[in-house]
Amino acid sequence: MITAGIDAGAATTKVVLMRDREIVGFRISGTAFDFLTTAEKIYNELLLVSHINKGDVDTVYATGYGRNSISFADKRISEITAHARGVYFLFPEVKGIIDVGGQDSKIIVVEDGCVTDFLMNDKCAAGTGKFLEYMAKALEVPIDELGNLALLSSYPAGITSMCTVFAESEVISLRARGIAKADIAAGLIASVARRIVVMAKRMALTDQIAFVGGVAKNAGIKVALEKELGVTLFVPFEPQITGALGAAISPALISRY
Amino acid sequence: MYDIIIGNMMQSPLKSLDYFQKSYDIRVGQLQEEKAKGTKIVGTFCLFVPDEIIFAAGADRIVLCGGKTDTIARAEQSLPRNICPLIKSSFGAIVDACRNGSLSCPHVHLVDVVVAEATCDGKKKMYELLPEYLPTYVLDLPQKPCSPEAITYFLSELRKFGKYLEDLTGNTIREKELKKQISSSNETRRLLHRLFDLRRRNPPPVTGSEVLRVMQKQFFLSPDQFREGVRQLCDEVEHRSPPSGSGPRIMISGCPMSAGNTKISDLVEQKGGVIVVEESCTGTRSFWELVDENKEPWTALAERYLAIPCACMTPNDQRISRVVDLAQRYHVDGVVYYTLSFCHGYNIERLLVQKALKKEKIPLIAIESDYGDSDVEQIGVRIDAFLEMVS
């Protein structure tokens, strides 16, 4: 049985193809203005390189913010359920998930792959990938390097504002005071980590925690979170695809769903 | 925007809902006539102001509690932005009507006086600004309802309120009339119990969006109109065939949803949830307790109204146990805890409600929102996930 999972996220679109319980391949691309066009394009590309005909795909599942725009999907599930399933597939022992994406961050409490509670930040870029993206710009550092740069700091600068706009002016004033780039980067990373940790503690996450979403690729954030939470986080080989993966796992393949 | 999708797609629309709409149009004309004849019209905001006393004094009443977003910008010209939308909407409507003659709330022009109540801080302070626009009377409430002195004090407040109404109308409140009003209000409360009891069926024969729109009319219509409407609705719903499929059973608990504000209920049902009970001012809080007709009427009123489990009271154990009791009685799969933005009372009290529900293994999702549509998508994602979780 071949299934496809499409995670039409606010910032990036992810597609995963599965044959029974094996991951055949995946694809990640920035989401264009139109959710559907991006999803169709990378889905077709992935089918091509995987040598699979569209007609051989049994079911296409969509998740993510733009899931209702994916007209060719057969079924849709929320990204919360999708992440829980995807992470369960990779790390069955996990009890909590921290997902930090481009537009929101979520904490999901799971029990054997089933969601028992969750929390999402709302309406604001604080504690999300968007915040880091703007701050990297303000520091004139490529976003991919922000985390590693932060790891070089010995004296992280204090960043108090959670608001993207105010934090940017804080960064500018720190730059004006001659604070080292690495120290500002470390301050920014710490501020995002603090924000996420507050949410995680609200949901009483203690151990067996997975860290997923695009921001999980940021080594600085991972280290900062691990320090605050006092645990080692499970990070998948490709942390961006757990939503698409969870969507692609056909409920029929996992007896308990 | 949600008006087009309300109701249950699988069922025929309820005829008795038309009755409520028609009655409202009649009601506005009726109040205008009464006013022209010299009857005093009282504008109220809250369940804590006993209808029975107003009617026994020969006055009439209409609610001024705002649920529309369009008067908020007007209110924000003077009120702080970060207070609850209900307060801003209500205040904006009054300012609009009294300063610009606007009809954004058609009720404001009908009232002679406002009877406010000392509930939450935001409302109390907003009421202090009202005398500039309309004569305002504030009914005080003890904040620790379970203390022995509370009833005594509230009783004296109700008597003072009665005296105020007597001076306003020139009528005397006779005990016989007060008892008659109590018995008629109780009849309405019993009918609402009948309506809500029908919702215990699985699946329920009436949607939450339908019931909410009826409950919002409760303090617009005359008591007779409303009672008759609920009677017709009960008769119709009783024999309505239930919808074929059915999603998880959901309870809404928290802040009032004043007329104009149906966002969360509509979203929950649009996403496939089935709302079976609302623990709110536009739900059980408005009718659950009856007034004891065997007691001296003023004391009975004081006891009944002080038992309303509002988050402005402390401690509010009666609400916590009520929520758990309702969740079990209506066999709910999950609770959507609704807080108006910046409503600290209900927002903080959520922790205790959640703890009590957790003990009974009933999941809760907290949704905080204002009257705008900007967060509909984000809230939709949460509701989708919550419904998947409790299914």
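Conventions adopted
Residues numbered from 1 in each chain as written. Chains lettered and ligands numbered in written order. Predicted model: local features only at pLDDT ≥ 70, side-chain atom pairs only at ≥ 80, totals over all residues. Helix = DSSP H or I, 4+ residues; strand = E, 2+ residues; numbered from the N terminus. Rg over C-alpha atoms; globule rule 2.2 N^0.38 Å. Contact = placed C-beta atoms within 7 Å. Pairing = 2+ DSSP bridges. Nonpolar A, V, L, I, M, F, W, Y, C, P; charged D, E, K, R; others polar. Core = buried A, V, L, I, M, F, W, Y, C linked by C-beta atoms within 7 Å. Buried ≥ 20, exposed ≤ 12 C-beta atoms within 10 Å, placed from the backbone. Domains from an automatic or database assignment. pLDDT = per-residue confidence, 0-100. Axes fitted to C-alpha atoms, helices over the stretch in contact; angles between N-to-C directions. Right-handed = clockwise from strand over helix to strand, strands pointing away.

(A) Main features of the overall build of chain A. The helix and strand inventory of chain A stands at 8 helices and 9 strands. Relative to a compact globule of 257 residues, whose C-alpha radius of gyration would be 18 Å, chain A shows 19 Å and is just as compact. Structurally, chain A occupies a C-alpha span of about 60 × 35 × 30 Å along its principal axes. Long-range contacts, defined here as pairs at least 24 residues apart, represent 69% of the contacts in chain A between residues at least 6 apart.

(B) Structural detail: the sheet that holds strand β4 (residues 59–63) of chain A. Residue and element names in this part refer to chain A. Pairing within the open sheet is mixed, and its 5 strands lie in the order β3-β2-β1-β4-β5. Of all strands in the sheet, those bounded by a partner on one side alone are β3 (22–30) and β5 (75–76). Of the pairings in the sheet, the one linking strand β2 (residues 12–19) to β3 comprises 8 bridges and is antiparallel in character. When the sheet's bridge partners are listed, Leu-17 is paired in β3 with Gly-25.

(C) Region of the structure containing the interface of chain A and chain B. The partner chain B presents 9 residues to the 11 residues of chain A that form the contact. Residue assignment for the side of chain A that touches chain B shows that the elements contributing at least two residues are α2 (79–90) and β8 (114–120) of chain A. A total of 4 residues in the side of chain A that touches chain B trace back to one element, the largest contributor, which is β8(A). Its residues assigned to classes, the side of chain A that touches chain B comprises 6 nonpolar, 2 polar and 3 charged.

(D) Structural detail: the nonpolar core. Among the nonpolar cores identified, the biggest contains 192 residues, and A:Ile6, A:Ala185, A:Ile189, A:Ala248, B:Met251 and B:Val336 are the most heavily contacted of them. If you count residues domain by domain, this core takes at least three from each of domain 1 (1–91 + 239–257) and domain 2 (94–235) of chain A. If sequence neighbours within four positions are ignored, B:Met251 has contacts with B:Val276, B:Val277, B:Glu279, B:Leu326, B:Ala327, B:Tyr330, B:Val332 and B:Val335.

(E) Representation of the confidence of the model for chain B in the model. All names here are of chain B. Of all residues in chain B, 97% have pLDDT values of 70 or greater, and the mean over the chain is 94. Throughout residues 1–8 the model reports pLDDT below 50, and contacts reaching past four residues in sequence, or to other chains, amount to 14 contacts. Overall fold confidence (pTM) sits at 0.91, and the ipTM for the predicted complex is 0.87.

(F) Expanded view of the sheet that holds strand β2 (residues 60–63) of chain B. Residues and elements named next belong to chain B. The strand order across the open sheet built from 4 strands is β2-β1-β3-β4, with neighbouring strands paired in parallel fashion. Every interior strand has two partners, whereas the edge strands, β2 and β4 (136–139), have only one. Along the sheet, successive strands turn relative to each other by an average axial angle of 30°, direction set aside. Examined bridge by bridge, strand β1 (residues 41–44) and β2 share 4 bridges and lie parallel to one another. Following the sheet pairing, Ile-41 is matched in β2 by Asp-60.

(G) Up close: the pairing of β2(B). Residue alternation in β2(B) divides its side chains into two sets, B:Asp60 and B:Ile62 and B:Arg61 and B:Val63, and both sets are buried. Taken together, β1(B), helix α2 (residues 51–56) of chain B and β2(B) constitute a β-α-β crossover, and its handedness is right-handed.

(H) A look at the domain arrangement of chain A. Residue and element names in this part refer to chain A. If you check the domain split of chain A, you get domain 1 (1–91 + 239–257) and domain 2 (94–235). Averaged C-alpha coordinates put domain 1 and domain 2 at centres separated by 26 Å. If you look at the interface, domain 1 gives 17 residues, while domain 2 gives 24 residues. With 7 residues, α2 is the largest single contributor of residues to the side of domain 1 that touches domain 2. Residues belonging to the side of domain 1 that touches domain 2 are distributed by class as follows: 9 nonpolar, 6 polar and 2 charged.

(I) Layout of unusual backbone geometry. Following B:Asn202, the chain continues into B:Pro203 via a peptide bond in cis, with omega recorded as -5°. The topology assignment puts B:Pro203 in the loop between α7 (175–198) and α8 (208–215). With an omega of -20°, the peptide bond running from B:Thr314 to B:Pro315 counts as cis. For A:His51, which is not a glycine, the phi torsion comes out positive at approximately 55°. With respect to the helices and strands, A:His51 occurs in the loop between α1 (35–49) and β4. For A:His51, a count of 8 C-beta atoms within 10 Å translates into the label exposed. With a phi angle near 55°, A:Glu140 is a residue other than glycine that sits in the positive phi range. Relative to the elements of secondary structure, A:Glu140 occurs in the loop between α3 (129–139) and α4 (143–151). When the 8 C-beta atoms within 10 Å are taken as the criterion, A:Glu140 is described as exposed.

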